[in-house]
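The primary structure of each chain is shown beneath.
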Amino acid sequence: MISYILRRIAYALPILIGVNIITFVLFFVVNTPDDMARMQLGMKRVSEAAIVKWKEDRGYNKPILWNQDAEAIEKITDTIFYQNSVKLFVFDFGRSDSGRDIGYDISQRMWPSLAITVPSLILGLLAYITFGLTLAFFRGSYVDVSGVVLCVIMMSVSGLFYIIGGQYLIGKFLHLVPISGYDTGFNAIKFTILPILIGLIGGIGASTRWYRTIFLEEMGKDYVRTAKAKGLSETRVLYQHVLMNGLIPILTGVVVILPSLFIGSLIVESFFAIPGLGSYTIDAINRQDFAIVRSMVFLGSVLYIIGLILTDISYTLVDPRVRLN
Amino acid sequence: MPVIFITDALIFLLVFMVIAFVFYARRHEHLRAPWHEVARRPLAMSAAIVLSVYIIFGLLDSLHFHPKLEATETSGTIYSTEISSMLDILLDDLRQNTERTYSAPLASYAFAKEMIDQPNGKQLRGYPRLKYGGAHLGNPESETVGDITKRILQGLICGLLISLLISSLIIIALGKKYQSDFRETSKKCLRNELDVSWNAILVTLSIVIVTICCLYNLSQYYHVLGTDKVGQDVLYQALKSIRTGLVIGTLTTLVMLPFAIMMGLMAGYFRGWIDDVIQYLYTTLNSIPGVLLIAASILLLQVYISNHADDFTSLEQRADLRLLFLCIILGITSWTGLCRLLRAETLKLREVDYVQAAQAFGVGNFSIMLRHLLPNVMHIVMISIVLDFSGLVLAEAVLSYINIGVDPSMNSWGNMINGARLEMAREPIVWWSLAAAFIFMFVLVLAANLFSDAVRDAFDPRLRQF
């Protein structure tokens, strides 16, 4: 088992290097630091000296891959590639283009993100599994048909509609919870309710339909027929056999997104003004702060790859048929 | 003088490919049978009619040209510098009749109070009349409701007549085909006893025609969906946005399709190190969060555009380049799923007897892939094209909201939502831009979802939704 995990991690390394190279090429080769400086400082009326200074402040004035003028090992280390891309591997994100420490910002901002995404995931799973199981239980009846129709309709509505509609409803008529913002400590809870709820509603359509299919597939299997033939009650079959076996694909599907919960949701966070990593990224995109976007791209990939590895491990744990090679 | 944008060219390439595919599919039983299955489903056919109406609008909006200003004796014909499309010509009234600022749907008065000059020289603070909306009414307070009802009724009658005419023409044509008289054929149509579910088609077509007639009749005298901040008709914007939505939904797939098919087939067929390389490639691309990759690329495109501002002759061209670029980036982030499916299927297929036989006969690898493997994975390609479509249309709105979508100057539902979002705090609320964008998007995506469900069920019975 341990050797399997190690092998999976070793396999992930080249992927990370690939991601690193792609982001490096995107940010430093396709567009040179000169372009970035001009973009940041204003397009036309910018002096050459200002560009040089901007690059120098951020260490973008070094050679890209190979520093001819430096000594020994510094030939490689004193370059943009080493300073800005290789260091990401040890999670040294450096400073943003506006001079803040990215690593510190990330460690601060991941908590609000988690405060939204973790409850959303747990409550979402509970709700969708319940709905999916209910529809599967009533398969073929009016409950099922109207439920599926409702799911298709809800799937077709833009996610932005749920957010805007929800904020409007709460803000105009109900005044139960604040419509956006954030606070420290336990005061934050009342700010998280609305985003979590809206995230839940937005996901109902697709997830419920998906889970319903999974449960129906399980219901068609032989062991269910055997269980019924033995005389087990319908509910017992449903909860003990169908639900438990149906949970395997659902939970292993969830594992892959677990690490990415740190990143948060870009859209939800920016709509509800939650100071998490999602809104951090959006702000960086709008300010055109390349250093932050680059760090977030790398961080996101790392988390996704961790998710992939966890998925593989969880498969081998729950399903003995998956071989370890 | 025609102007052809890159996306226009690609759209017509796509139309050409679809037509070619239809001819191909008609001659091959394994493709014809599932499509017949789709055609027998009433819901799928209704969805198909709605989709085709959108596509017609989108295609009309893809024929761009410089409109002719005037022909003079001396210098020949003068062309305007601005670029219009066929749709602009059809909706010329809607485009030209701009108000000063916001106005509510079907309103005759402006949305905000202004100082109005009275005939006696004094000024009065109140809601001014609109320049075009309800301009024909003498006394809007009392006449509006009656006038609107009258025009809706006119549209209703006109629409019903047109759809009756079209329905009878279709039934006569069907009667010729099945060699039965008019009554017999219409009975069969109603009972859905024919090969194609004509009752659903005719009913949906009638509803669409009646809606269009009513909207057309009203839009001559009112702003049916109100006007936006700069006084532009919202209905016009929503109709213009159709093209953007369709381009994102279809061109993205078109752009990524060659890569996905080629890579998927090669990985599955050759296995070994080619498989490893391709798997590495798509895992790497997949592991970069999609939104961030798009954001990074759009940022870079902005840098490129602002550094090469002189290369673009017009704003439209620049917006078009950005749209194409967005399609390409979305394609890069979304081809991996299809590639993985194709690889898995090819791995299975390469062990099948006829492929082994072809190899034994010494058929080249390339021809085996083209002649024996590709036709047998086509159903996967088709399912994924239709399934991806609705997700891409919805993604456009979200991306435009974070400012990494289409160019802000382009008409798109995302931009409409983005623009209207800032007005949510106003009292009374400016809801019509939002509502229009959401409704247009909802109808398109719902139709696409229903249609893709039917296509998937027909082509892949194993995946059938119970």
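Residues numbered from 1 in each chain as written. Chains lettered and ligands numbered in written order. Predicted model: local features only at pLDDT ≥ 70, side-chain atom pairs only at ≥ 80, totals over all residues.

### Some thoughts on the overall build of chain B
For step 1, the next point in the chain: Scanning chain B from terminus to terminus reveals 16 helices and 7 strands.
For step 2, the next point in the chain: Along the first, second and third principal axes, the C-alpha atoms of chain B reach 100 × 70 × 55 Å.
For step 3, the next point in the chain: Counting all 466 residues of chain B, 40% fall into the buried class.
For step 4, the next point in the chain: A fraction of 70% describes how many contacts in chain B between residues 6 or more apart in sequence connect residues 24 or more apart. (Helix = DSSP H or I, 4+ residues; strand = E, 2+ residues; numbered from the N terminus. Buried ≥ 20, exposed ≤ 12 C-beta atoms within 10 Å, placed from the backbone. Contact = placed C-beta atoms within 7 Å.)

### Some points on the domain arrangement of chain B
For step 1, the next point in the chain: Domain assignment breaks chain B into domain 1 (140-219) and domain 2 (236-444).
For step 2, the next point in the chain: On a C-alpha basis, the centroid separation for the pair domain 1 of chain B and domain 2 of chain B is 36 Å. (Domains from an automatic or database assignment.)

### So, helix α7 (residues 182-191) of chain B
Residues and elements named next belong to chain B.
For step 1, the next point in the chain: For α7, every residue scored as buried is listed here: Thr185, Ser186 and Cys189. The buried residues of α7 all sit within an arc of 95° when viewed along its axis, so they share a single face. Exposed residues on α7 whose side chains face more than 90 degrees from its buried face are Arg183, Lys187, Leu190 and Arg191. (Arc of directions from axis to C-beta.)

### Describing the interface of chain A and chain B
For step 1, the next point in the chain: With 40 residues of chain A at the interface, the matching set in chain B holds 39 residues.
For step 2, the next point in the chain: Secondary-structure elements contributing two or more residues to the side of chain A that touches chain B are α1 (2-30), α2 (33-41), α7 (142-156), α8 (159-174), α9 (189-219), α12 (266-271), α13 (277-287) and α14 (290-318) of chain A.
For step 3, the next point in the chain: Broken down by class, the residue content of the side of chain A that touches chain B amounts to 27 nonpolar, 11 polar and 2 charged. (Nonpolar A, V, L, I, M, F, W, Y, C, P; charged D, E, K, R; others polar.)

### Focus on the packing of α7 of chain A against α9 of chain A
All names here are of chain A.
For step 1, the next point in the chain: Across the interface, α7 lies against α9 with an axial gap of 7 Å and an inter-helix angle of 135°. Relative to α9, the element α7 lies oblique. Between α7 and α9 lies a crossing whose hand is left-handed. In contact with Val148, Cys151, Val152, Met154 and Met155 of α7, α9 contributes Ile204, Gly205, Ala206, Thr208 and Arg209.
For step 2, the next point in the chain: A per-class count over the contact of α7 with α9 returns 7 nonpolar, 2 polar and 1 charged. (Axes fitted to C-alpha atoms, helices over the stretch in contact; angles between N-to-C directions. Parallel < 35°, antiparallel > 145°, perpendicular 65-115°, else oblique. Left-handed = near helix turned anticlockwise from the far one by under 90°.)

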